[in-house]
Amino acid sequence: MEGRLANSWRLTVNDKNFIKTALLSEIRIDGRKPFEYRKISIKFGREDGSSEVQLGQTRVMGMVTAQLVQPYRDRPKEGILSIFTEFSPMADPSFEPGRPGELAVELGRIVDRGLRESRAVDTESLCILAGKFVWAIRIDLHILDNGGNLVDAANIAALAALLTFRRPECSLGGEDGQEVIVHPPEIREPLPLTVHHLPIAISFGFFSNESILVIDPTHNEEAVMGGRMTTTVNANGDICAIQKSGGEGVPRRVIMQCLQLATSKAASITKQIKDAVEVFNTERALRKIKRHPTSTGDDVREKQN
Amino acid sequence: MEVDREDGRSQNQLRPLACSRNILHRAHGSASWSQDTKVLAAVYGPKAGTKKNENPEKACIEVIWKPKTGQIGKPEKEYEMILKRTLESVCILTVNPNTTTSIIVQVVNDDGALLPSAINAACMALVDAGIPMKHLAVAVCCCVAKSGYVILDPTKLEEQKMKAFAYLVFPNSVHSVLPEGSLRVEGEPIENGIITSVTHGIMSVDDYFYCLERGRAASVKLSDFLRRNLQQQSTDSSKAG
């Protein structure tokens, strides 16, 4: 399937010129201003640790699972956090199934750096028995629809999934206290993860004419832009990571402008994530209350969607 | 016979169905099917060229199954093959020869009857993409318990506890203007046929035929649901990549 010209999507020269000319008058093709973010909607699935984030037309699903494993030898008291990115072929006709390409690996590394090295997730609380049993948290990010700016959407999906994930409670038992008993969720309430702060990734696009800067590029703008930069900041104003790999050079004042913009956007996005998680937690608590199942007579019931 | 199921349903009661089309922007056709088990399907096609060992005089269908978490293994490959064969018998392959239509199935939540949900979602996505089809494929899951009764649409726990279960795929029921002129294959109306049947576990021949009867009755209800759903959303904009 690879190398078929008919299947790859290309932007025409007319489209590219239109986007560039419109940006000179500070107009973007979807009607936004250069420093306006698209609408974010965060939804959760039925089980803990599954989130679906929609950023404009981009759609990403995050899934968090945990397993008891042996820790790494040089870190016997810390849990393990690993991120797997799946650029599903349903997101874009040019995504191929199989091994992740460069973009998938870069996205995974940016999200990973934001979470792990800024110590957003507390890995020491994941240790059950030092040297023998720790929790390995696995985050799967599935890209479902590529509408541009996958990094930001994937980051929000990972954070939302981590905040709603619950790991089973376990205690030490056995004759010498060396056995780990994992309690099923019906017996003991599972525990949430300790997340200290939320690192939010904000991406910028640079265009060559008159060093124009836009925030949150769509996939049309991504095909036209000369360079991109992703900054991961949190609501406290700390910079967790900055990624600018290649593309055209930008002066220092532009970088400072980006960082200031990112910090202000991060605060509003953090609030949005926290509100969505609150709503999910309230619903979850309500679901735990046992209710009588409503009886219906039909064989097939349907809901409008 | 009264059967106690954990969520209070009766023997022949399906879970509430929800189906929506045209949810993704880049894919040519997309649909999501949820019955507690939630599956997302996307269609890209027809694309130029067929794969190496396929017949270039017909259209080719390619299925990619994406599990919720973990790597792709043998069960996923089996699901891909079953889906491919089912959809090949439903689509009209001679209309666009030497093309490939890719169907990507993403499992969002697995709570029993996964393959039937995937088949239903894939059919809706093909309709959304405008791929020519002879009729729809309607899939249900029937379980046989040790005492011999049959239940429809099991949850994951029920599937694991039961003696055997079968995934059955039927053509959808036809609303024809001339009932005598409707399609018949060897004297029987076409909706009595079975497209696909996958069974797990041991069941007696009588149990299997009883499953087929219950499954066929459920497929009529499912066909009505699909027809209503498709007629409601009949206005949509066309997409060309």
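Residues numbered from 1 in each chain as written. Chains lettered and ligands numbered in written order. Predicted model: local features only at pLDDT ≥ 70, side-chain atom pairs only at ≥ 80, totals over all residues. Heavy atoms only, no water.

**Re the overall build of chain A**
The secondary structure content of chain A amounts to 5 helices and 14 strands. For the C-alpha atoms alone, the extent of chain A along its principal axes is close to 70 × 60 × 40 Å. Put simply, 71% of the contacts in chain A that link residues at least 6 apart link residues at least 24 apart. Of the roughly 15,700 Å² that chain A leaves accessible, carbon and sulfur atoms contribute 51%. Side-chain charges in chain A split into 39 positive and 40 negative, and the spacing between the mean points of these groups amounts to 2 Å. (Helix = DSSP H or I, 4+ residues; strand = E, 2+ residues; numbered from the N terminus. Contact = heavy atoms within 4.5 Å. Areas by Shrake-Rupley, 256 points an atom, 1.4 Å probe, with all protein chains shown as cover. Lys, Arg positive; Asp, Glu negative; His and termini not counted. Charge placed at Lys NZ, Arg CZ, Asp CG, Glu CD.)

**Considering the overall build of chain B**
What chain B contains, in helices and strands, is 4 helices and 11 strands. Scored against the burial criterion, the 241 residues of chain B give a buried share of 54%. Nonlocal contacts in chain B, meaning residues at least 24 apart in sequence, comprise 72% of its contacts between residues at least 6 apart. With an accessible surface of roughly 10,900 Å², chain B has 51% of that area assigned to carbon and sulfur atoms. (Buried < 20%, exposed > 50% of the residue type's maximum accessible area, 1.4 Å probe, protein only.)

**A few points about the interface of chain A and chain B**
Opposite the 39 residues of chain A that make contact, chain B presents 45 residues. Regarding the contact of chain A and chain B, the summed buried area is about 3,600 Å², with carbon and sulfur atoms giving 53% of it. Along the contact surface separating chain A from chain B lie 3 salt bridges. Between Lys68(B) and Glu47(A) there is a salt bridge, with the nearest N and O atoms lying 3.0 Å from each other. At the level of secondary structure, the elements contributing two or more residues to the side of chain A that touches chain B comprise β2 (50-55), β3 (58-69) and β6 (133-145) of chain A. (Buried area = accessible area lost by both parts, 1.4 Å probe. Salt bridge = Lys/Arg side-chain N within 4 Å of Asp/Glu carboxyl O.)

**Examining the side chain of Arg167(A)**
All names here are of chain A. Structurally, arginine 167 can be placed in strand β7 (residues 166-167). Although arginine 167 lies buried, it forms no salt bridge, and the closest oppositely charged side chain, glutamate 169, sits 7.9 Å away as judged by the N-O distance. Filtering out sequence-adjacent residues up to four positions away, arginine 167 remains in contact with Ser125, Leu126, Ile128, Trp135, Pro190, Leu191 and Leu193.

**A word on the pattern of salt bridges**
As enumerated under the stated definition, the model contains 28 salt bridges over all chains in all. Here the salt bridges share partners, and the residues they tie into one network are Arg9(B), Arg15(B), Asp36(B), Asp111(B) and Asp153(B).

**A word on the packing of helix α2 (residues 102-116) of chain A against helix α3 (residues 150-164) of chain A**
Residues and elements named next belong to chain A. Packing of α2 against α3 leaves a shortest axis separation of 10 Å and a crossing angle of 45 degrees. On the basis of the axis angle, α2 is oblique to α3. As α2 packs across α3, the resulting crossing turns out to be right-handed. Contacts from Leu107, Ile110, Val111 and Leu115 of α2 reach α3 at Leu150, Val151, Ala154, Asn155, Ala158, Leu159 and Leu162. (Axes fitted to C-alpha atoms, helices over the stretch in contact; angles between N-to-C directions. Parallel < 35°, antiparallel > 145°, perpendicular 65-115°, else oblique. Left-handed = near helix turned anticlockwise from the far one by under 90°.)

**What about the UniProt feature "domain: Exoribonuclease phosphorolytic" (unreviewed entry) in chain A?**
Residues annotated in UniProt with the feature "domain: Exoribonuclease phosphorolytic" (unreviewed entry) correspond here to residues 36-168 and 197-264 of chain A. Secondary structure across residues 36-168 of chain A comprises 23% helix and 37% strand; the distance between its end C-alpha atoms is 40 Å. (UniProt positions renumbered as here; feature names shortened; annotations may be inferred.)

**Things to note about the confidence of the model for chain A**
Taken over all residues, the pLDDT of chain A has a mean of 87, while the share at 70 or more is 91%. Segment residues 301-305 of chain A is flagged for pLDDT under 50; beyond a separation of four residues in sequence, or across chains, it makes 17 contacts in the model. (pLDDT = per-residue confidence, 0-100.)

**Describing the sheet that holds strand β8 (residues 164-171) of chain B**
Two strands in a sheet stick together by hydrogen bonds in their backbones, pointing the same way (parallel) or opposite ways (antiparallel). All names here are of chain B. Pairing is antiparallel across the open sheet formed by 4 strands, whose spatial order is β7-β6-β8-β11. A strand with exactly one partner marks an edge of an open sheet, and here the two such strands are β7 (150-152) and β11 (196-200). Strand-to-strand, the axes of this sheet are offset by a mean angle of 20 degrees, without reference to chain direction. As defined by bridge partners, strand β6 (residues 137-144) adjoins β7 across 3 bridges and the pair is classed as antiparallel. By the bridge assignment, cysteine 142 is partnered in β7 with leucine 152. Of the strands in this sheet, β6 and β8 are in contact with helix α2 (residues 114-129), which crosses β6 at around 170 degrees. (Pairing = 2+ DSSP bridges.)

**Remarks on the sheet that holds strand β3 (residues 37-48) of chain B**
All names here are of chain B. The mixed open sheet is built from 5 strands, whose spatial order is β1-β2-β3-β5-β4. In this open sheet, the two strands that pair with only one neighbour each are β1 (18-21) and β4 (60-66). Recorded for the sheet is a direction-independent mean angle of 15 degrees between the axes of neighbouring strands. Relative to the sheet, helix α4 (residues 205-232) contacts β1 and β2 (29-35), its axis offset from that of β1 by approximately 35 degrees.

**Things to note about the packing of α3(A) against helix α5 (residues 252-288) of chain A**
Residues and elements named next belong to chain A. Two elements in contact, α3 and α5, have axes separated by 10 Å at closest approach and are oriented at 35 degrees. By crossing handedness, the relation of α3 to α5 is classed as right-handed. For the pair formed by α3 and α5, the contact residues are Ile156, Leu159, Ala160, Leu163 and Thr164 on the first element and Ile269, Ile273, Val277 and Phe280 on the second.

**What about the UniProt feature "domain: Exoribonuclease phosphorolytic" (unreviewed entry) in chain B?**
Here the UniProt-annotated "domain: Exoribonuclease phosphorolytic" (unreviewed entry) positions come out as residues 13-132 of chain B. Between the first and last C-alpha atoms of residues 13-132 of chain B the distance is 32 Å; the span itself is 28% helix and 34% strand.

**Comments concerning the environment of Val63(B)**
Residues and elements named next belong to chain B. One can find valine 63 in strand β4. For the pair valine 63 and serine 102, spaced 39 residues apart in sequence, the C-alpha to C-alpha distance is 5.9 Å. For valine 63, the contacting residues outside a window of four places in its chain are Glu80, Leu83, Lys84 and Ile103.

**A look at α3(A)**
Its 15 residues give α3(A) an end-to-end C-alpha distance of 21 Å, which sits within 8% of 21 Å, the value for a rise of 1.5 Å per residue. The element α3(A) is extensively covered by neighbouring structure, given that 14 of its 15 residues are classed as buried. (Expected span 1.5 Å × (residues − 1).)

**What to know about the packing of aromatic side chains**
All names here are of chain A. Taken as a whole and assessed by the stated rule, the structure comprises 6 aromatic pairs over all chains. Here the aromatic rings of phenylalanine 44 and phenylalanine 280 are separated by 4.9 Å at their centres, their planes lie at 40 degrees, and the arrangement is tilted. One end of the pair, phenylalanine 44, is in strand β1 (residues 40-44); the other, phenylalanine 280, is in helix α5, with 236 residues separating them in the sequence. Take phenylalanine 280: its relative accessible area is 5%, and that puts it in the buried class. The interplanar angle of 45 degrees and the centroid separation of 4.8 Å between the aromatic rings of phenylalanine 87 and phenylalanine 95 together place this pair among those described as tilted. Overall, the relative accessible area of 12% leaves phenylalanine 87 in the buried class. Phenylalanine 95 sits in the buried class, given a relative accessible area of 12%. (Phe/Tyr/Trp six-rings, centres within 6.5 Å; stacked < 30°, edge-to-face > 60°.)

**Some points on the nonpolar core**
If you look at the biggest cluster of nonpolar residues, it comprises 66 residues, and the most contacted ones within it are Trp33(B), Trp65(B), Leu83(B), Leu87(B), Ile103(B), Leu126(B) and Leu168(B). The element best represented in this core is α2(B), accounting for 10 residues. When sequence neighbours within four positions are dropped, the list of residues in contact with Leu83(B) reads Val63(B), Trp65(B), Val105(B), Ala118(B), Ile119(B) and Ala122(B). By size, the runner-up hydrophobic cluster in this structure holds 60 residues, among which are Ile156(A), Leu162(A), Leu261(A) and Val277(A). (Core = buried A, V, L, I, M, F, W, Y, C linked by side-chain atoms within 4.5 Å.)

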